[in-house]
Amino acid sequence: MRRREYTDPTALRAMQGLAARSFPATGYRHIGDLTWNWCLSLDRAAQCPTAVWTQEERTLAWGWLEPPDSLMLQVDPDHPEPADEVLA
C-alpha cells in the first residue's frame, strides 16, 4: 500500500474513484460532494492537506484535513486496512 500527499486537484480524481465504487452502499460521499467541497477550498489548498492510499492504482482510502479540527475521510469497505493510518 502506498500513501501520497497532495495539495492540488490530482487527489480529487482518486477520491472520486473510491466514492463512486462505495456509494450508495456506504451512503457517505459521492463524487458531487467531493467536487463541491474541493471547489470551496481552492483558495486554501495549501492549508487543507490531502492524502490518498492506493494499492496498484486502486484507491483504498483518503483523508482530507480542514484545520483547525475537521477531517473528511473515506475507506474502501472491502479494504479497511488503512483506516487507522488515515485517522493517525
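See above for the structure.
Procedures and definitions
- Residues numbered from 1 in each chain as written.
- Predicted model: local features only at pLDDT ≥ 70, side-chain atom pairs only at ≥ 80, totals over all residues.
- Heavy atoms only, no water.
- Salt bridge = Lys/Arg side-chain N within 4 Å of Asp/Glu carboxyl O.
- Helix = DSSP H or I, 4+ residues; strand = E, 2+ residues; numbered from the N terminus.
- Buried < 20%, exposed > 50% of the residue type's maximum accessible area, 1.4 Å probe, protein only.
- Patch = residues over 30% accessible without salt bridge, like charges linked within 9 Å, V, L, I, M, F, W, Y side chains within 5 Å.
- Areas by Shrake-Rupley, 256 points an atom, 1.4 Å probe, with all protein chains shown as cover.
- Pairing = 2+ DSSP bridges.
- Axes fitted to C-alpha atoms, helices over the stretch in contact; angles between N-to-C directions.

S.K.: Explain the pattern of salt bridges to me, using residue names and the numbers behind them.
M.R.: Tallied over the full model, the rule gives three salt bridges. Put simply, R3 and E5 hold a salt bridge, and the shortest N to O gap is 3.2 Å. For D76, the salt bridge is made with R58, and the minimal N-O distance between the two is 3.9 Å. Placement of the pair is D76 in the loop between β4 (70-75) and α3 (83-87) and R58 in strand β3 (residues 58-66), with a sequence separation of 18 residues. For D76, a relative accessible area of 3% translates into the label buried. When salt bridges that share partners are traced, they join R21, R58 and D76 into one network.

S.K.: For a nonpolar patch on the surface, give the residues involved together with the corresponding values.
M.R.: Together, L65, L71 and L87 make up an exposed nonpolar region whose accessible area comes to about 260 Å². Along the chain, the position of L71 falls in strand β4.

S.K.: Give me unusual backbone geometry: which residues, what numbers.
M.R.: The residue after P67, namely P68, is reached through a cis peptide bond having omega 10°. Relative to the helices and strands, P68 is located in the loop between β3 and β4. If you check the backbone angles, E56 has positive phi at about 50° while not being a glycine. Secondary-structure assignment places E56 in the loop between β2 (50-55) and β3.

S.K.: Residue-level account of the sheet that holds β2, with values.
M.R.: Here four strands make up an open sheet; going across it, the order is β1-β2-β3-β4 and the pairing antiparallel. Of all strands in the sheet, those with a lone pairing partner are β1 (2-6) and β4, marking the two edges. Recorded for the sheet is a direction-independent mean angle of 15° between the axes of neighbouring strands. One ladder, built from six bridges, connects β3 with β4; its direction is antiparallel.

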